[in-house]
Amino acid sequence: MDNIIVLRYGELYLKGKNRGFFERLLIGNIKSKLEKFKCELICHRGRYEVVGYKKEDEPRIVSALKTVFGLKSLSVAQKVPSDLGVMSDMISKRLPEKGSFKIETHRADKTFPLTSPQVSAAIGEKIIEENSDLNVDLHDPDIIVNVDIREDKSTYIYTKKEECVGGMPVGCAGKGLLMLSGGIDSPVSGYMLAKRGLSLDAIHFHSYPYTSEQAKDKVIELAKIMSDYCGHMNLIIVPFTKIQEAIHEKCNSEFMITIVRRFMMRIAEKVAFFRDCGCIVNGESLGQVASQTLQSITVTNDVVKSMPVFRPLIGMDKQEIIDISLKIGTYETSILPYEDCCTVFMPESPVTKPTIVRAENEERKMGNFEKLIEEALDNLEIIKV
């Protein structure tokens, strides 16, 4: 008998001839999670096994694997030969001395002489014969024991199936650039697209001294939390102070947020291009704030010419976003009271229905703003997370 952790993938079943590509990525991502532990990953068709680990490491291994996109579920199990007597003896050891139980059998090995219901019935009958204080309850048992008979003549026995994050392996959908603020929304946005297989770099706009070093540290911490799910990423810090000062000095105050967002988009597109990213990702949700009305999104999107801008939260309300941030562990960091650059020079009445023509007219007041963009790009800070 071996103690193992059985891993199951989900959507990869839907893939055809290119399934191998997705599996190789998934296996690589799993191995990356297991680097800090002494263990071995064994791969079968449709199932992976983590074996050879120290029992005391089991909770940490399980916790790490539950964050791997592409895995649907896992179980801590015992692996035994596919022999009815051996299976029954093992299950007897796992059951309490008294109470009710149910056996649920999955028979992947169709050459096994008994059907799934017959296996469950035979094991249940043998256990009851040996222990009269136990009884079978098919509707509301105290414990359910799963018997998974595999094609390699071995059987997994387990009592719990723990859900993983699902989705697709990170890296299978290309690479994107996440606009990471210090708020609640953008980390959730990055999580949502990493779940669809997008690997990420992140960009953050920092306006020191109007925004503090604590605000920057907060974003670094958010990136670290996200890396548990998204894998290693580069966090690009953009010095944004001079651009914001120029906008504040030259442009109509009600257009401040709109123009700031357009400059962020311009810089993000350039950084994305040089980082080999195929898209920009942000945390906008329709109608949440003034910069997220349909008209505002249209105007800010207008400056991005070479790639799509993805907004995975566009139809979600705030509570839905908060619920995900709590689930992935970013919420408590996001609500720390260190403001990002979007709060600098905040107008009392920002325009909610800007037009592209009006925004371009405001930007002309700044003269040759390309120099400001070039200076910001020349002074990027890149932090490996």
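Everything below is about the structure shown above.
This text gives an overview of the structure that appears in the document.

The rules we used
- Residues numbered from 1 in each chain as written.
- Predicted model: local features only at pLDDT ≥ 70, side-chain atom pairs only at ≥ 80, totals over all residues.
- Heavy atoms only, no water.
- Salt bridge = Lys/Arg side-chain N within 4 Å of Asp/Glu carboxyl O.
- Helix = DSSP H or I, 4+ residues; strand = E, 2+ residues; numbered from the N terminus.
- Buried < 20%, exposed > 50% of the residue type's maximum accessible area, 1.4 Å probe, protein only.
- Pairing = 2+ DSSP bridges.
- Axes fitted to C-alpha atoms, helices over the stretch in contact; angles between N-to-C directions.
- Parallel < 35°, antiparallel > 145°, perpendicular 65-115°, else oblique.
- Left-handed = near helix turned anticlockwise from the far one by under 90°.
- Contact = heavy atoms within 4.5 Å.
- Nonpolar A, V, L, I, M, F, W, Y, C, P; charged D, E, K, R; others polar.

Describing the pattern of salt bridges
Applying the stated rule across the entire model yields 27 salt bridges. Measuring nitrogen to oxygen at the nearest pair gives 3.6 Å for the salt bridge that ties E151 to R150. K175 serves as the salt-bridge partner of D201, at 3.2 Å between the closest nitrogen and oxygen. On the criterion of sequence distance, the pair formed by D201 in strand β11 (residues 199-206) and K175 in strand β10 (residues 175-179) is long-range, its members being 26 residues apart. Among the charged side chains, a salt-bridge network with shared partners connects R262, R266, D302, K305 and E363.

Here we look at the pairing of strand β5 (residues 99-107)
Burial analysis of β5 places seven of its nine residues in the buried class, which makes it a mostly covered element. Examined bridge by bridge, β5 and strand β6 (residues 134-136) share three bridges and lie parallel to one another. Residue pairing across strands places G99 opposite L134, the latter belonging to β6. Here seven bridges tie β5 to strand β7 (residues 143-149), and the two strands are oriented parallel to one another. Its bridge partner being in β7, F101 is matched across the sheet by I143.

Considerations on the pairing of β7
Across the seven residues of β7, five count as buried, placing the element largely inside the fold. Connecting β7 to the next strand, strand β8 (residues 154-158), in antiparallel fashion are four residues, including K153 with a positive phi near 70°.

Some points on the packing of helix α3 (residues 84-94) against helix α4 (residues 116-130)
In contact at an axis separation of 10 Å, α3 and α4 are set at 55° when each is read in the N-to-C sense. On the basis of the axis angle, α3 is oblique to α4. As α3 runs across α4, the sense of the crossing is right-handed. Packed against α3, whose contacting residues are L84, M87, S88, D89, I91 and S92, the element α4 presents V119, A122, I123, K126, I127 and E130 at the interface. Class assignment for the residues of the contact of α3 with α4 results in seven nonpolar, two polar and three charged.

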